[in-house]
Amino acid sequence: MGQDRALSALEFGARIQAAGFNLYVLGNTGRQRHLITGEFLRKEAQGRPTPGDWVYVNNFDDPRKPRGLSLPAGIGARLRRDAARLIEELRSAVPAAFESETYRNRLAEIEQELNERNKRFMEGIENEARERGLGLMPTPHGFALAPVRDGKILSQEDFEALPEAERQRIENDIEELSNRLRQHFENLPAWHKEQRDRIRELDESVARQAIGTLIDAMRERYREHPAILDYLEAVREDLVSHAQELRAGGQPTPMPPGMQPDPAQIFARYQVNLMISHKDGSGAPVVYESNPTYQNLIGRVEHLSQFGSLVTDFTMIRPGALHLANGGYLILDADKVLLQPFAWDALKRAARNGEIRIESVAEFLSLIAAEGLEPDPAPLDVKIVLIGDRLLYYLLCEADPEFPQLFKVAVDFEDRIPRADENLPLYAEMLASIVHREQLAHFSSGAIARVIEESSRISGDSAKLSTDLQRITDLMSEADFLARQRQAARVEAEDVEAAVRQRNYRLDRLRETTHEAIQRNIVHVQTEGLAVGQVNGLSVLQIGEFAFGQPSRITATVRVGDGKLIDIEREAQLGGAIHSKGVMILGSFLGARYSRDLPLSFAASLVFEQSYGGVDGDSASVAELIALLSAIAELPVRQSLAITGSIDQHGKVQAIGGVNYKIEGFFDVCDARGLSGEQGVLIPADNVDHLMLRADVVEAISAGRFHVYPLTEFDEALALMTGLPAGRRGADGEFPVGSANRAIESALQRLAMRRQRFGKTEKRRARKNGDAGGPPA
């Protein structure tokens, strides 16, 4: 209700598909922006196409760079289930194939063939050696040949006793056969390699046959998805290449106890890591990330401690909010994103490049010594919706050149709406929806009316209604609690009033402390009688969501001078720039009205007495001017009245803020001392529409025990405060005799004459001392 501008911007930003048209939702802090934005986007998302799934699978060529697959909605979850089923089937089917009788027979043939080949050679060497009178004997280093007679090896003496020709023949035979043995043993590794190659070919053949049926069946289910078909072919080839590992059913090689890797890890390389999954027809996602850290936004790669080091793989990649919201809407709190290290830059980079690239902060900061992954970036198509206050929006526009290019749609929520007749029924319906959503007791019509009154008070304007749903909801919840405490069936107006009163009481300690200091005369504030150069000003103190008004004593002193007006607050560096501007304006007004023909000839000072903190704002300008003019003309002013309002150079009184708190603050002080019927507050007439006073204040005003006087121009304040008519210049250019303005102008003329006389005296004294141009010696 009353948010047509914001809803129009929401609709435009949610539907336009051009690059950079992300949204920034502006408005005061509260749940309203989140509630309306979230509800609108969820309805909008229902009519949008369902985005696809995104999975990561192993890159068998380079496991450090997992492959990303973009799939239609629902296919990713199905692929993960089928991959898990495939792994389970492989863990039984592959070992079973290697346990078959056919495989064992073929393996035995290959192994036996090598044994037979070796055996034939050794038997041939042995027979040939026997025929030549030699014996083949095993030794620790292999085999040795020696001459044999009658089945016994000849000793060295017997060998030396043989004829020379016989010895020469035996040595030649030993050398020849030894060379053949050495050549045989040198060929054995090649024979074993040939055997292993044949076994590997056999394993691959058996594995391909066992795997082929399973892979082909899976390929048939995904024949319409080329990316999956390519991946399944890569799985087939990798399975075949790891056939020997699979032959043992994933059992590891023998290792010391406690150090064996998980057998399932051999098959884990064929899992599917489902990052994003959607049901077809479910619409686009709407995601709110309440903790937008770097990893929560773009995702992360987890690590596992294994054998004293950190390891990871593609199954440990986890999605971030950008993944979950891809194809839909991502809602973030702007201030939270900016507070998180690296999060803002990562968000802008993803939005600018149209992709989500998972990178580990710890790795590029060298915080961990672990080999990381470089997964394929996921294509990004998301509407980013930032929710924040107006100041932050304007600061980002000014300080971040990329921000206006990436967030081109400003959704500006109204803080207040008109309290028009056509809006009141709608506002009541909104309150009824809060009752339903929060499961509160029914509110009577009187209770609803009282909530509406408090809404206007929150807005600070009787012609407006607050759209701060958080505060309204909290008020209604508190009223509901009080009604249930008294076991009432519904919430009445007195419950709402009691909730307001109790909330103020909970936060009222500081106000009570400051007002107690006034009542005990520790802080001096007069509420009766007359005084010269002293006026009751009004200020507002804000502590969190609680604000209250407090009177402040403003005083002025005047003496002969050169027209200098000293703002003591500014000189003490306690006054803000706006307050200093207000003092300068009232000085300009004073000179323009009363000193057209004569220079201002006073030195004056203004101060907030017993003020020990900063002072800012121009709402005390009228009060300061009254105090100053009272001091100049020595006109007593009423202490039973307090003033708030700013002034322009022409004497017009201008609106200020916090008018209700200011009136109530002075009323509380006067009420504690006893209302005399003389007390009241002077306010700008432009603030009359903002009046939403407490019931006790309204009752006192109606009974004539307290007063509120609206001002349109300064002369009205001057007359009320001095009790004299302000007076206007006549045809002769003079103010009427007996008027406050005549008294002020006359006082300024007297000050000018005193200054002139003083100047002449000083000149005579200077001439007498021989120095016409300088000060006296």
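Residues numbered from 1 in each chain as written. Predicted model: local features only at pLDDT ≥ 70, side-chain atom pairs only at ≥ 80, totals over all residues. Heavy atoms only, no water.

Draft legend 1. Structural context of the overall build of the chain. A count of helices and strands for the chain gives 28 helices and 32 strands. Expected size for 777 residues packed as a compact globule is a radius of gyration near 28 Å; at 48 Å, the chain overshoots this value by more than 25%. C-alpha extents for the chain along the principal axes are approximately 165 × 85 × 50 Å. Considering only residue pairs separated by 6 or more positions, the chain has 74% of its internal contacts joining residues 24 or more positions apart. Separation of charge centres in the chain, based on 92 positive and 113 negative side chains, amounts to 7 Å. (Helix = DSSP H or I, 4+ residues; strand = E, 2+ residues; numbered from the N terminus. Rg over C-alpha atoms; globule rule 2.2 N^0.38 Å. Contact = heavy atoms within 4.5 Å. Lys, Arg positive; Asp, Glu negative; His and termini not counted. Charge placed at Lys NZ, Arg CZ, Asp CG, Glu CD.)

Draft legend 2. Broad picture of the domain arrangement of the chain. As far as domains go, the chain holds domain 1 (4-51 + 283-412), domain 2 (416-507) and domain 3 (522-752). Distance between the C-alpha centres of domain 1 and domain 2: 36 Å. (Domains from an automatic or database assignment.)

Draft legend 3. Seen up close, helix H18 (residues 445-459). Between the first and last C-alpha of H18 there are 21 Å, a value that for 15 residues agrees with the 21 Å anticipated at 1.5 Å per step. Just downstream of H18, Gly460 is the residue with a positive phi angle, here 75°. (Expected span 1.5 Å × (residues − 1).)

Draft legend 4. Representation of a negative patch on the surface in the model. On the surface, a cluster of negative charge is made up of Glu157, Asp158, Glu160, Glu171 and Glu175. The element contributing the most residues to the negative patch is helix H5 (residues 156-161), with three residues. Relative to the assigned elements, Glu171 resides in helix H6 (residues 164-221). With relative accessibility at 40%, the residue Glu171 sits in the partly exposed group. (Patch = residues over 30% accessible without salt bridge, like charges linked within 9 Å, V, L, I, M, F, W, Y side chains within 5 Å. Areas by Shrake-Rupley, 256 points an atom, 1.4 Å probe, with all protein chains shown as cover. Salt bridge = Lys/Arg side-chain N within 4 Å of Asp/Glu carboxyl O. Buried < 20%, exposed > 50% of the residue type's maximum accessible area, 1.4 Å probe, protein only.)

Draft legend 5. Focus on the packing of aromatic side chains. Applying the stated criterion across every chain, the model contains 16 aromatic pairs. For the pair Phe60 and Tyr270, a centre-to-centre distance of 5.8 Å together with 40° between the ring planes defines the contact as tilted. Linking Phe60 in the loop between strand S2 (53-57) and strand S3 (67-71) with Tyr270 in the loop between helix H9 (264-268) and strand S7 (273-276), this pair joins segments that are 210 residues apart in sequence. A relative accessible area of 17% places Phe60 in the buried class. Seen in terms of ring centroids, Phe667 and Phe706 are 5.2 Å apart; in terms of plane orientation they differ by 90°. Their pairing is edge-to-face. You can see Phe667 sitting in helix H25 (residues 659-673) and its partner Phe706 sitting in the loop between helix H26 (695-702) and strand S32 (707-711), a full 39 residues away along the chain. Here Phe667 falls in the buried class, since its relative accessible area comes to 2%. By way of ring pairs, the aromatic residues Tyr24, Trp344, Tyr393, Tyr394, Phe403 and Phe407 are connected into one cluster. (Phe/Tyr/Trp six-rings, centres within 6.5 Å; stacked < 30°, edge-to-face > 60°.)

Draft legend 6. Geometry of the nonpolar core. In this structure, Leu590, Ile626, Ile632, Phe714 and Leu748 are the most contacted members of the largest nonpolar core, which totals 43 residues. For this core, the secondary structure elements donating two or more residues are strand S24 (546-560), helix H23 (577-594), strand S26 (602-608), helix H24 (621-633), strand S28 (641-643), helix H27 (714-722) and helix H28 (740-768). The leading source of residues in this core is H24, at 10 residues. When near neighbours in sequence (up to four residues on either side) are disregarded, Ile626 contacts Val535, Val637, Ile643, Phe714, Ala717, Leu718 and Met721. In this structure, Ile298, Ala321, Ala325 and Ala350 belong to the second largest nonpolar core, which totals 40 residues. (Core = buried A, V, L, I, M, F, W, Y, C linked by side-chain atoms within 4.5 Å.)

Draft legend 7. Region of interest: a positive patch on the surface. On the surface, a cluster of positive charge is made up of Lys760, Lys763, Arg764 and Arg767. With respect to the helices and strands, Lys763 occurs in helix H28. Overall, the relative accessible area of 54% leaves Lys763 in the exposed class.

Draft legend 8. Examining unusual backbone geometry more closely. Phi angles above zero are rare outside glycine, and Gln487 is one such case at about 60°. As for its placement among the helices and strands, Gln487 is situated in the loop between helix H19 (469-485) and strand S21 (490-491). One non-glycine residue, Gln573, adopts positive backbone phi at about 60°. Look at Gln573 and you get exposed, because its relative accessible area is 73%.

Draft legend 9. Spotlight on the sheet that holds strand S8 (residues 286-289). The five strands lie next to each other as S8-S13-S16-S1-S17, forming an open sheet whose pairing is parallel. Both edges of this open sheet fall to S8 and strand S17 (409-412), since each of them pairs with a single strand only. With strand direction ignored, the average angle separating the axes of adjacent strands in the sheet is 20°. Helix-sheet contacts for helix H15 (residues 390-399) involve strand S1 (23-26), strand S16 (383-388) and S17, and the interaxial angle to S1 is about 140°. (Pairing = 2+ DSSP bridges. Axes fitted to C-alpha atoms, helices over the stretch in contact; angles between N-to-C directions.)

Draft legend 10. Region of interest: helix H17 (residues 423-437). Helix length check: H17 (15 residues) gives 21 Å between terminal C-alpha atoms against 21 Å at 1.5 Å per residue, within 8%. When H17 is considered as a whole, its buried residues turn out to be Asn423, Tyr427, Met430, Leu431, Ile434 and Val435. Around the axis of H17, the buried residues are gathered within 150° of arc, so they sit on the same side. H17 presents Glu429 and His436 as exposed residues on the side facing more than 90 degrees away from its buried surface. Its buried side turned inward, H17 meets strand S18 (416-418), strand S19 (442-443), H18, strand S20 (464-466) and H19. Of the residues flanking the end of H17, it is Gln439, one or two places downstream, whose phi is positive at about 55°. (Arc of directions from axis to C-beta.)

Draft legend 11. Inspection of the pairing of S1 at higher detail. Of the two faces of S1, the one lined by Leu23 and Val25 and the one lined by Tyr24 and Leu26 are each fully buried. Bridge count between S1 and S16: four bridges; the pairing is parallel. When the bridges of S16 are listed, Val25 appears paired with Ile387. As judged from the four bridges shared by S1 and S17, these two strands associate in the parallel manner. Its bridge partner lying in S17, Leu23 is registered against Val409.

Draft legend 12. Representation of the side chain of Ser601. Along the chain, Ser601 falls in the loop between H23 and S26. Of the polar contacts made by the side chain of Ser601, one reaches the backbone oxygen of Pro599; its length is 3.0 Å. With residues near it in sequence (within four places) discarded, Ser601 still touches Arg559, Val560, Gly561, Gly563, Leu751, Ala752 and Arg755. (Polar contact = N/O pair within 3.5 Å; in protein donor to acceptor, adjacent residues only side chain to side chain.)

Draft legend 13. Broad picture of the pattern of salt bridges. Overall, the coordinates contain 46 salt bridges when judged by the stated rule. Linking Asp238 and Arg269 is a salt bridge whose minimum nitrogen-to-oxygen distance equals 2.8 Å. You can see Asp238 sitting in helix H7 (residues 226-241) and its partner Arg269 sitting in the loop between H9 and S7, a full 31 residues away along the chain. When its relative accessible area of 6% is taken as the criterion, Asp238 is described as buried.

Draft legend 14. A look at a nonpolar patch on the surface. A cluster of nonpolar side chains, namely Leu510, Leu541 and Ile543, defines an oily patch on the protein surface of about 210 Å² accessible area. With respect to the secondary-structure elements, Leu510 resides in helix H21 (residues 509-519).

Draft legend 15. Here's a closer look at the sheet that holds S32. Strands sit in the order S25-S26-S24-S23-S28-S31-S32 across an open sheet of seven strands; the sheet is mixed. Each edge of the sheet is formed by a strand with only one pairing partner; in this case those strands are strand S25 (565-567) and S32. The average undirected angle you get between the axes of adjacent strands in this sheet is 30°. Relative to S28, strand S23 (residues 534-543) runs parallel, the two being bridged by two bridges. Looking at the pairing, Gly537 lines up with Ile643 of S28. Strand contacts of H27: S23, S28, strand S31 (680-684) and S32, with the helix running at about 145° to S32, the strand carrying the most contacts. Sitting on the sheet, H28 touches S24 and S26, and the angle it makes with S24 is about 45°.

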